[in-house]
Amino acid sequence: MKDPRFASNGARLEHVAELDAEITGVTSRLERHSLAASLNAVGVPCGPVNTIEEAFNHEQVIHRGLRAEVEHPTHGVIPVLRSPFRFSRTPLN
């Protein structure tokens, strides 16, 4: 479909609310992991947005030991993500 409202970047900016509604109308019916795989397959770099639980349970977070726990003054112990950077002579906490 060639909609003149979306034919150029300028037109898309002028009609951003309509464009967002069109995209939401299509993507809301799709499963996010298969949508990301389909977009990646045609060269669109993307990935699903994870929930906090999914992020902490992701295989790379587990493998790299990125989950940490810190004491919060009012909420007690809470989970956080460590820095993914690792240096041979400079430990990061």
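For clarity, every value in this text was computed on a predicted model and none was experimentally measured. (Residues numbered from 1 in each chain as written. Predicted model: local features only at pLDDT ≥ 70, side-chain atom pairs only at ≥ 80, totals over all residues. Heavy atoms only, no water.)

1. Some points on the pairing of strand S2 (residues 76-81)
Here six bridges tie strand S1 (residues 67-72) to S2, and the two strands are oriented antiparallel to one another. The residue of S2 that forms the bridge with Ala-68 is Val-80. Hairpin connection, S1 to S2: the antiparallel pair is bridged by three residues. (Pairing = 2+ DSSP bridges. Helix = DSSP H or I, 4+ residues; strand = E, 2+ residues; numbered from the N terminus.)

2. Let's talk about the confidence of the model for the chain
Within the chain, residue pLDDT values average 91, and 97% of them lie at 70 or more. For the chain, the element scoring lowest by mean pLDDT is helix H4 (residues 52-57), at 91; helix H1 (residues 9-14) scores highest, at 96. (pLDDT = per-residue confidence, 0-100.)

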